[in-house]
Amino acid sequence: MKNYRLAWSISLIIIALTNILILISNNTAFNLPDGMTRFFGVLDLCSIVVLVYTTVKMRQ
């Protein structure tokens, strides 16, 4: 149970940080290269999958 909660917390932090980084880069003159934007997008998607999996496991 503790490992699920740790993975859940880490995935929430990663989702928040990647979304903030992409939001800041889109709204300012600082543009991330296309490869970095795609990397952060994939990282965000992987974190969402981990978040869903750990949420289901904690609810069982």
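The coordinates are above.
First, a word on what this report is: a plain description of the structure on this page. (Residues numbered from 1 in each chain as written. Predicted model: local features only at pLDDT ≥ 70, side-chain atom pairs only at ≥ 80, totals over all residues. Heavy atoms only, no water.)

In this section: a nonpolar patch on the surface. A contiguous nonpolar surface patch, about 350 Å² in accessible area, is contributed by Leu 45, Ile 48, Val 52 and Val 56. Tracing the chain through its elements places Ile 48 in helix H2 (residues 34-59). (Patch = residues over 30% accessible without salt bridge, like charges linked within 9 Å, V, L, I, M, F, W, Y side chains within 5 Å. Areas by Shrake-Rupley, 256 points an atom, 1.4 Å probe, with all protein chains shown as cover. Salt bridge = Lys/Arg side-chain N within 4 Å of Asp/Glu carboxyl O. Helix = DSSP H or I, 4+ residues; strand = E, 2+ residues; numbered from the N terminus.)

Under the criterion given, the structure shown has 1 salt bridge. Between Arg 38 and Asp 34 there is a salt bridge, with its nearest N and O atoms 2.9 Å apart. Taken together, the residues span about one helical turn, with Arg 38 and Asp 34 both in helix H2 at a distance of 4 residues. For Arg 38, a relative accessible area of 56% corresponds to the exposed category. (Buried < 20%, exposed > 50% of the residue type's maximum accessible area, 1.4 Å probe, protein only.)

Looking now at the environment of Ile 14. Residue position: Ile 14 is located in helix H1 (residues 2-27). For Ile 14 and Asp 34, which are 20 residues apart along the polypeptide, the C-alpha to C-alpha distance reads 19 Å. If sequence neighbours within four positions are ignored, Ile 14 has contacts with Leu 43 and Ser 47. (Contact = heavy atoms within 4.5 Å.)

We now examine the side chain of Thr 18. For Thr 18, the location among the structural elements is in helix H1. For Thr 18, a relative accessible area of 5% puts it in the buried group. Excluding its chain neighbours within four sequence positions, the residues that come into contact with Thr 18 are Phe 40, Leu 43 and Asp 44.

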